Amino acid sequence: MTRHRPLLLKLLSALIVFGAWEIAGRIPVSYAFPTFLDSMAALARMTFDGSIFVAYAETLQPLVVGVAISAVFGIGLGLWIGLSKGFEWLFSPIFIVMQAAPLAALIPILVMVYGIGLTSKVFVVCIMAMPVIVLNTASAVRNTPASLKEMATSFLARDRDVLLKIILPAASPVIFSGLRLGVSAGFIGAILSELKITPTGVGDIITYSRSIADYPSMYAAIFSIILLAVIFLNLLEKLENVLFEGNNRGYAAD
Amino acid sequence: MQPIKPETRQAVTDSAVSVRNVSKVYGDVQALKDLTLEFPRGELTSLLGPSGCGKTTLLKIIAGLLPATSGEIEVNGQKVTGPGPDRSFVFQDFALLPWASVLRNVAFGLELRGVAKSEREAIAEKYIREVGLAGFEKKFPHQLSGGMRQRVGLARALSVNAQVLLLDEPFSAVDEQTRRKFQEDLLQLVKNEKKTFIFVTHSIEEAVYVSDQIAILLPRPSRVSEIIRPSSFRDKSVDNIRRDPEYLDIVDRIWASLRSYVE
């Protein structure tokens, strides 16, 4: 019983949230707020007629490409910034500005430069996802316990060993939390780009349903993207546990 | 500064480690000044002194983890230019990999040397038994007590089979009872392993209890003020050392010479 407790708690919290949604929809709090069951019915309808899959085929392109670029280049750049002493002043400000910039205001500039196609959308995803990945990776690398590096050096580790056997495993929890934040920001970026640049995919369902006042479909689309993001983040957590098994065993801090 | 007393000086014939005229300057702070010291082979030498006297600095220079500003270190006649397979280090804060099991931690030194997995694990298991941690191979550092963690650190240093073991205040982070047990085990280890031990400590009793030779360092800048070689109680059983008159005399004498440096 205790083994299933986390799962039960998750189900319970889902039940409370969906119950509240259903009640709020029935009151209704707003004409534009459908009930949970209506939204699920719309989701089922879109699933069976296949339109949701067509939409995701469109939406996932900039999302997957953008997240992949952000993860590879973000971790790489973060490692580089973290390992070198001189480059922090050069690169960190760029990513801090990127993180702070109001993205919606930048979109017209991106469209002007890269048009309304895939490139602009990938850019939006990257701008959202990359900074937090880079900054987390860099600070995780910089905070590797000095005594562990010294230990490895005293046992004749080469630089490559120190990087692969000390710095990366020690930094991996923070790198992965950066990845999780980056990926969820990437989801925001993907939807934002579909709402602001050209309505395609899930963004199109949201925009179109709203314009014809088909609110259950609109909420079904929003719900599905949240669900997808949650599933993806859980997969990422599983991956972390497989790659760095010892990290969820706690730290011997002293 | 007291002159070195004739009866405490003894001709050293065979040194495992020689420190010659070593100085270390950090910015404008002179940590070590023209320090010369011999470490006899197969014996345990303690570096004892008040905090800030540079004993850990000296140990790290011998380990090759810090460069000396001038002077030279020789280990078995070879000049030290960096870390080497002839020395291994036991860290004050244990420096264990939190994500690795006891077995992998102990085998880590061998792993870095490219020893095959089955071979290095066999060696590690042997030393895990030797330090009294049999049955804990699969445990992780956070599941162990402070004393057990330092046993892991010790087993790791022993498993690479270095001739010189450098111990940097290894027992300062463990409780008093564990510490006493450690000191007894260390005496046994020095006897069995035929290795040269260099032991940094700030505890006078600990230094006198475990050492064949005690080098007293005085701070700012650090230099060797006295070398003491206890003679009468080294062969006695561990239970009788602490009431040996020579043990008590040496403890008192060291305290008398260090007292004025304690702020």
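Residues numbered from 1 in each chain as written. Chains lettered and ligands numbered in written order. Predicted model: local features only at pLDDT ≥ 70, side-chain atom pairs only at ≥ 80, totals over all residues.

Concerning the overall build of chain A
Then comes step 1: The secondary structure content of chain A amounts to 10 helices and 0 strands.
Then comes step 2: Counted from the first residue to the last, chain A has its helices and strands arranged as α-α-α-α-α-α-α-α-α-α.
Then comes step 3: Based on the C-alpha atoms only, the size of chain A along its principal axes is roughly 70 × 60 × 30 Å.
Then comes step 4: Burial status across chain A gives 35% buried among its 254 residues. (Helix = DSSP H or I, 4+ residues; strand = E, 2+ residues; numbered from the N terminus. Buried ≥ 20, exposed ≤ 12 C-beta atoms within 10 Å, placed from the backbone.)

Regarding the nonpolar core
Then comes step 1: By size, the foremost hydrophobic cluster in this structure holds 135 residues, and its most contacted members are Ile 62, Leu 166 and Ile 198 of chain B.
Then comes step 2: Take this core: its biggest share by element is 16 residues, from helix α6 (residues 118-142) of chain A.
Then comes step 3: For this core, the domains that each give at least three residues are domain 1 (6-86 + 165-261) and domain 2 (95-161) of chain B.
Then comes step 4: Here Leu 166 of chain B is in contact with Leu 59, Ile 62, Ala 63, Arg 87, Phe 89, Val 90 and Ile 198 of chain B, once residues within four sequence places are set aside. (Core = buried A, V, L, I, M, F, W, Y, C linked by C-beta atoms within 7 Å. Domains from an automatic or database assignment. Contact = placed C-beta atoms within 7 Å.)

Overview of the interface of chain A and chain B
Then comes step 1: Taken together, the 19 residues of chain A in the interface contact 22 residues of chain B.
Then comes step 2: Among the elements that take part in the side of chain A that touches chain B, helix α7 (residues 146-154) of chain A stands out by supplying 7 residues, more than any other.
Then comes step 3: The residue makeup of the side of chain A that touches chain B, split by class, is 10 nonpolar, 6 polar and 3 charged. (Nonpolar A, V, L, I, M, F, W, Y, C, P; charged D, E, K, R; others polar.)

Some words on the domain arrangement of chain B
Residues and elements named next belong to chain B.
Then comes step 1: Structurally, chain B comprises domain 1 (6-86 + 165-261) and domain 2 (95-161).
Then comes step 2: At the interface, 8 residues of domain 1 touch 5 residues of domain 2.
Then comes step 3: When grouped by side-chain class, the residues that make up the side of domain 1 that touches domain 2 number 7 nonpolar, 1 polar and no charged.

Some remarks on the sheet that holds strand β7 (residues 164-168) of chain B
Residues and elements named next belong to chain B.
Then comes step 1: One open sheet holds the 6 strands; their spatial order is β6-β7-β8-β3-β9-β10, and the pairing between them is mixed. Only two strands of the sheet have a single partner each, and these edge strands are β6 (87-90) and β10 (223-228). Each strand of the sheet is rotated relative to its neighbour by a mean of 20°, with strand direction disregarded.
Then comes step 2: Pairing analysis gives 5 bridges linking strand β9 (residues 213-218) to β10, with the strands arranged antiparallel. (Pairing = 2+ DSSP bridges. Axes fitted to C-alpha atoms, helices over the stretch in contact; angles between N-to-C directions.)

Focus: helix α3 (residues 117-130) of chain B
Residues and elements named next belong to chain B.
Then comes step 1: With 14 residues, α3 ought to run about 20 Å at 1.5 Å a step, and its terminal C-alpha atoms sit 20 Å apart, in line with that.
Then comes step 2: If you follow the buried residues of α3, they end up packed against α2 (102-112) and α4 (146-159).
Then comes step 3: At the exit of α3 stands Gly 132, carrying a positive phi of roughly 85°. (Expected span 1.5 Å × (residues − 1).)

A short note on the sheet that holds strand β5 (residues 78-79) of chain B
Residue and element names in this part refer to chain B.
Then comes step 1: On the basis of which strands lie adjacent, the open sheet formed by 4 strands has the order β2-β1-β4-β5 and antiparallel pairing. Two strands in the sheet have a free side with no partner beyond their single neighbour: β2 (29-40) and β5.
Then comes step 2: Both strand β1 (residues 15-26) and β2 contribute to a ladder of 8 bridges, which runs antiparallel. Considered in β2, the bridge of Val 22 is made with Leu 35.
Then comes step 3: Packed onto the sheet, helix α1 (residues 55-63) meets β1, β2 and β4 (70-75) and runs at close to 120° relative to β1.

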